[in-house]
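# A structural walkthrough
Chain by chain, the residues:
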Amino acid sequence: MTDVTVASKRRGSTWLILPGVVWMALFMVVPILMICYVSFWTQTTFNISPTPTLASWKQFFSSDTYTGALWTTVRIWLIVLAMTFIIGYPTALFVGLFVKSKTLSTVLLVICVIPFWTSFLIRVLAWRPMLGKEGAINIILQKLHIISQPIEVLLFTELSVVIGMTQIYCVFMVGPIAFMLGRIDRNIIEAARDLGAGFGRIFWKIIFPLSLPGVVVGAIFVSVMVLGEFATSGALSGRKVNLLGNIIVTQVGSLKWAMASVTGVILTVVMGMVIAAFLRIVDLKQEL
Amino acid sequence: MESRVLKPILAVYVVAFILFLYGPFFVLTIISFQQGPDGGPQFPITEWSLYWYKQIFGLTPPSRIAPLPVGEALVRSLILAFMTMVTATVLGVMSAQAFRRKFRGSTFVFYMIVLGMMVPGVLTGLGTSLLANNVIGITRHWYTTAFATHVAYTYPFAFLVMLAILNRFDASVEEAAWSLGVKPWTTFRKVTFPLIFPGVLSAMLFAFTLSLDEFPRSLFAAGGSEDQTLPLAIYGTFSVEIHPNIFAFGVLTTLFSFALLSVYGILMAMSVRRARKLAMQEDIA
């Protein structure tokens, strides 16, 4: 190939990539910079002006409501992350490792994805008749004579938020783990077995370490989604559980843009730290 | 052997897991057949009826419960999803095509694009509305600001799908066309595009369904009530009392998704069959 065509090809790929880069710069990068910028603006009751101030930042860290929301977000995130992992891993183990036929494991994964075709908000709302005092779970437990009084802590508590989020997000944990487990060379497991290793030992020494990149990818998916949540907590906690996302929504609702931005920056920082920590555990570029 | 014990246990566990995933959907389907207009969104079912389905289509006499305000919102959402689908897929195909050659800053550009699917909607939505509302000073609409955020969200998915397709793409057919003197654009249209079409379909499906159900970005980036998309209309009912009509609507939208997916499946099967037929003709020749 002559130099002229190489140069023209290179120019060609610049033109191809440019629209996408511009779009992402304008509608992703600039908006996020905007959040940082506006968090230092001066907020009055009905107005906001670009005079720089730290007032909103001070207000965030001096108020129990806001710092409380930060800790609630971290707590709910950790609990949901642990739950999705504990509930999802055995499923992934079965789908990725124990099912021999590729067709069956694909079918199982598709079955896991079908619920996503129902609108997200309606899926969240469906937990209300499920968990309520006269909800499906209480009715079933009472019919089975396991309980005599309906359990009331099921709905409009932190527990209901955790249950709802776990159900909505656990599939994002199952998928990546099952994918990594499916790639394990079965001969390694056979070899370990021939050398007399029990299943527990094989699991901890071979299977689990090899599935770790999948766990990290799943954990990043779940973390990003749970940290940015506000709809599930709003609908299932009866406004008792306030996450950072809920603070942003209510602040924007009352036109407190500066406070919403401060909360947004804090959410971004938390998320960045979480993702960086996960990428520390496993070097994804090397594994995938 | 342990797996003889473990495998059945895990199989039972997976069944329980699937029940857990489907539980809410079963419950919402049952409750959507609740008697109306007095039956509430809870058990027991006082009487099985189609009342709430009829109400969605405006076939019931007016009652104290207002019908869901979904008509116009649905139209808006469909148009928005279509616009998003076209834009995101075009951008995705272009960028993936550019990534077939190494260029300076490609790693940076890659992460910048992928960021769009990683950053939570609350943040993109908030940032975009700050930009529009406070810095530039324009009114937010579903077809402007919300559209921009929807594309920024779905374009990374389209890009990754196309990247995966083009990674497995045999470039020698293109080179053959070029060496025969076919212009690059014609080559793309006549050779490359038909070959990557199944990927384009998947990218379109991703963009359409993600945009249709997109909620946090729209919440911030769309304007007032005349700008409501479908998820926003549903969200509007959160604050007031909920009725079984929302569950009936959920069942209907799920069926619609199934229909959409069937169309996708048929188109996919057709394109695979056509490719196979072409290959067979080549073999005969």
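Residues numbered from 1 in each chain as written. Chains lettered and ligands numbered in written order. Predicted model: local features only at pLDDT ≥ 70, side-chain atom pairs only at ≥ 80, totals over all residues.

With that settled, consider the overall build of chain A. What chain A contains, in helices and strands, is 14 helices and two strands. Taken over the C-alpha trace, chain A has a radius of gyration of 24 Å; the compact-globule value for 288 residues is 19 Å, which it surpasses by more than 25%. Taking the principal axes of the C-alpha coordinates as reference, chain A spans close to 85 × 70 × 35 Å. Counting only contacts in chain A whose residues sit at least 6 apart along the sequence, the fraction spanning at least 24 positions is 71%. (Helix = DSSP H or I, 4+ residues; strand = E, 2+ residues; numbered from the N terminus. Rg over C-alpha atoms; globule rule 2.2 N^0.38 Å. Contact = placed C-beta atoms within 7 Å.)

When helices and strands are tallied, chain B shows eleven helices and zero strands. Oriented by its inertia axes, the alpha-carbon framework of chain B measures out at about 75 × 65 × 45 Å. Going through the 285 residues of chain B one by one, you find that 39% of them count as buried. Residue pairs in contact within chain B that sit at least 24 positions apart in sequence constitute 76% of those at least 6 positions apart. (Buried ≥ 20, exposed ≤ 12 C-beta atoms within 10 Å, placed from the backbone.)

With that out of the way, let us pick up the interface of chain B and chain A. In this assembly, 68 residues from chain B lie in contact with 65 residues from chain A. Mapped onto the side of chain B that touches chain A, the elements with two or more residues apiece are α1 (2-32), α3 (71-98), α4 (106-118), α5 (121-136), α6 (142-167), α10 (230-239) and α11 (244-284) of chain B. The leading source of residues in the side of chain B that touches chain A is α1(B), at 19 residues. Of the residues belonging to the side of chain B that touches chain A, the class tally is 48 nonpolar, 16 polar and four charged. (Nonpolar A, V, L, I, M, F, W, Y, C, P; charged D, E, K, R; others polar.)

Residue and element names in this part refer to chain A. Relative to the helices and strands, Pro209 resides in helix α10 (residues 199-227). The exposure class assigned to Pro209 is exposed, which follows from the 11 C-beta atoms found within 10 Å. Spatially, the C-alpha atom of Pro209 lies 27 Å from that of Met165, the residues being 44 residues apart in sequence.

Here the focus is the environment of Leu195(B). Structurally, the position occupied by Leu195(B) is in helix α8 (residues 184-212). Expressed as a C-alpha distance, the spacing of Leu195(B) and Ala275(B), which sit 80 residues apart in the sequence, is 8.3 Å.

Turn by turn, an α-helix covers 3.6 residues, leaving residues three or four places apart pointing in a common direction. All names here are of chain A. Taking 1.5 Å per residue, 25 residues should reach 36 Å; helix α8 (residues 158-182) reaches 35 Å between its end C-alpha atoms and fits that length. The largest bend in α8 amounts to roughly 40° and is located at Tyr169. Among the 25 residues in α8, 21 count as buried, and that is most of the element. (Expected span 1.5 Å × (residues − 1). Bend = angle between axes of the 7 residues up to and from the residue.)

Residues and elements named next belong to chain A. With a phi close to 60°, His145 is a non-glycine residue in the positive phi region. Within the secondary structure layout, His145 lies in the loop between α7 (136-143) and α8. On the neighbour-count criterion, His145 (7 C-beta atoms within 10 Å) is exposed. Despite not being glycine, Arg239 shows a phi value in the positive range, around 65°. Tracing the sequence through the fold places Arg239 in the loop between α11 (231-236) and α12 (244-253).

Attention shifts here to the confidence of the model for chain B. Looking at chain B as a whole, the pLDDT averages 87, with 98% of positions reaching at least 70. Complex prediction metrics read pTM 0.88 and ipTM 0.88. (pLDDT = per-residue confidence, 0-100.)

What follows concerns the domain arrangement of chain B. Looking at the assigned domains, one finds that chain B contains domain 1 (2-56) and domain 2 (71-240). Between the C-alpha centres of domain 1 of chain B and domain 2 of chain B there is a distance of 34 Å. (Domains from an automatic or database assignment.)

We now examine the packing of helix α13 (residues 257-281) of chain A against α5(B). Axes are the key here: two packed helices are described by the angle between their axes and the distance separating the axes. Viewed as axis vectors pointing N to C, α13(A) and α5(B) meet at an angle of 145°, and their least axial separation amounts to 10 Å. The chirality of how α13(A) crosses α5(B) is left-handed. Facing Trp257(A), Ala260(A), Ser261(A), Gly264(A), Leu267(A) and Thr268(A) of α13(A), the residues of α5(B) in contact are Leu123(B), Leu126(B), Leu130(B) and Asn134(B). Considered class by class, the residues forming the contact of α13(A) with α5(B) number six nonpolar, four polar and no charged. (Axes fitted to C-alpha atoms, helices over the stretch in contact; angles between N-to-C directions. Left-handed = near helix turned anticlockwise from the far one by under 90°.)

Relative to the elements of secondary structure, Asn134(B) occurs in helix α5. Expressed as a C-alpha distance, the spacing of Asn134(B) and Val151(B), which sit 17 residues apart in the sequence, is 22 Å. When neighbours within four sequence positions are excluded, Asn134(B) is seen to be in contact with Val38(A), Ile48(A) and Trp257(A).

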